[in-house]
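# Survey of secondary and tertiary structure
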Amino acid sequence: MATPYRVAVVIGSLRNNGFSLRIGQALAKLAPDTLKLEIVTLHDLSFYNQDLEANAPADWTAFRDKIKASDAVLFVTPEYNRSIPGVLKNAVDVGSRPYGKSAFDNKPAGVVSNSPGAIGAFGANHHLRQCLTFLNMPVLQQPEAYIGGVGDAFNEAGELVKEPLREFLQKYIDAFAAWVAQQAK
Ligand SMILES: Cc1cc2nc3c(=O)[nH]c(=O)nc-3n(C[C@H](O)[C@H](O)[C@H](O)COP(=O)(O)O)c2cc1C
């Protein structure tokens, strides 16, 4: 691995200008020079179906290639019904196959969950971590990122206006950069 380390920022929401996308974009702006963050949205990813694996759809291959070309993966996700949105679980499943050729294998990862609510999508964060453990992804442990109260974090133009959140995201992405560098050794 060489710097800048390439980080695929997988956004767990399809919503136009959703908070998860905005947080991912804010992290990309705050990232130190040692990281190059690329936002990966999941709009074009079709449902996983093992029957299609012999002749994998082009959108699966494109997603797998994007993950394989990255040095690390940062997941930014909302919570749906105390778990991760289906689109994100689908992306985890698509990237994990074919068996023995997971695009995610051994890639350092981070999980940033967020919600307008108070709990900061803790449930989604830890459901995702369960998958990442099985996928053999070393996940940054501290700082944990359960971001609550995102409803007033961005202005109409999508700019981050909540200073305490900006400070936290800076701390998080700096810790993530150190973590990726440590894993690269
Ligand atoms: C189907 C559905 C389920 C939801 N379940 C939760 C939940 O369990 N916990 C929570 O904090 N917010 C929940 N929400 C609210 C989301 O946090 C909110 O819609 C958020 O803006 C979605 O993230 P996004 O802005 O990145 O799209 C849910 C929203 C939807 C549409």
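Residues numbered from 1 in each chain as written. Predicted model: local features only at pLDDT ≥ 70, side-chain atom pairs only at ≥ 80, totals over all residues. Heavy atoms only, no water.

The chain appears in an unreviewed UniProt entry as NAD(P)H-dependent oxidoreductase from Rhodopseudomonas palustris.

### Details of helix H4 (residues 122–134)
In a regular helix each residue adds 1.5 Å, so 13 residues correspond to 18 Å; H4 covers 19 Å between its end C-alpha atoms and thus fits that length. Three or more residues of H4 are buried, namely Gly123, Ala124, Asn125, Leu128, Arg129, Cys131 and Leu132. Contacts made by the buried residues of H4 are with strand E3 (72–77), helix H3 (86–96), strand E4 (109–114) and strand E5 (145–147). Trailing H4 by a residue or two, Asn136 shows a phi angle of about 65°, which is positive. (Helix = DSSP H or I, 4+ residues; strand = E, 2+ residues; numbered from the N terminus. Expected span 1.5 Å × (residues − 1). Buried < 20%, exposed > 50% of the residue type's maximum accessible area, 1.4 Å probe, protein only. Contact = heavy atoms within 4.5 Å.)

### Digging into the UniProt feature "domain: NADPH-dependent FMN reductase-like" (unreviewed entry) in the chain
UniProt records the feature "domain: NADPH-dependent FMN reductase-like" (unreviewed entry) for residues 6–148 in the present numbering. Taken as a whole, residues 6–148 contains 33% helix and 19% strand, while its terminal C-alpha atoms sit 27 Å from one another. (UniProt positions renumbered as here; feature names shortened; annotations may be inferred.)

### Let's talk about the nonpolar core
Core analysis: the biggest nonpolar cluster contains 30 residues, and Leu35, Leu74 and Phe176 have the highest contact counts within it. If you list the elements that add at least two residues to this core, you get strand E1 (5–11), helix H1 (19–30), strand E2 (35–40), E3, E5 and helix H5 (163–184). Tallying contributions element by element places H5 first for this core, with eight residues. Those residues in contact with Phe176, other than ones at most four positions away along the chain, are Val7, Leu35, Ala72, Val73, Leu74, Ala109, Gly110 and Leu140. In terms of nonpolar packing, the next biggest core, distinct from the first, is built from 27 residues, Ile84, Ala121, Cys131 and Leu135 among them. (Core = buried A, V, L, I, M, F, W, Y, C linked by side-chain atoms within 4.5 Å.)

### Details of the site of the ligand
As a matter of local geometry, the ligand sits amid Ser13, Arg15, Gly18, Phe19, Ser20, Pro78, Glu79, Tyr80, Asn81, Arg82, Ser115 and Pro116. One of the side-chain nitrogen or oxygen atoms of Ser13 is found 2.6 Å away from an oxygen atom of the ligand. At a separation of 2.8 Å, an oxygen atom of the ligand approaches a polar side-chain atom of Arg15. In isolation the ligand has 620 Å² of accessible area, and contact with the protein removes 70% of it. When the residues that make up the shell around the ligand are grouped by side-chain class, the tally is four nonpolar, five polar and three charged. (Near = heavy atom within 4 Å. Polar contact = N/O pair within 3.5 Å; in protein donor to acceptor, adjacent residues only side chain to side chain. Areas by Shrake-Rupley, 256 points an atom, 1.4 Å probe, with all protein chains shown as cover. Nonpolar A, V, L, I, M, F, W, Y, C, P; charged D, E, K, R; others polar.)

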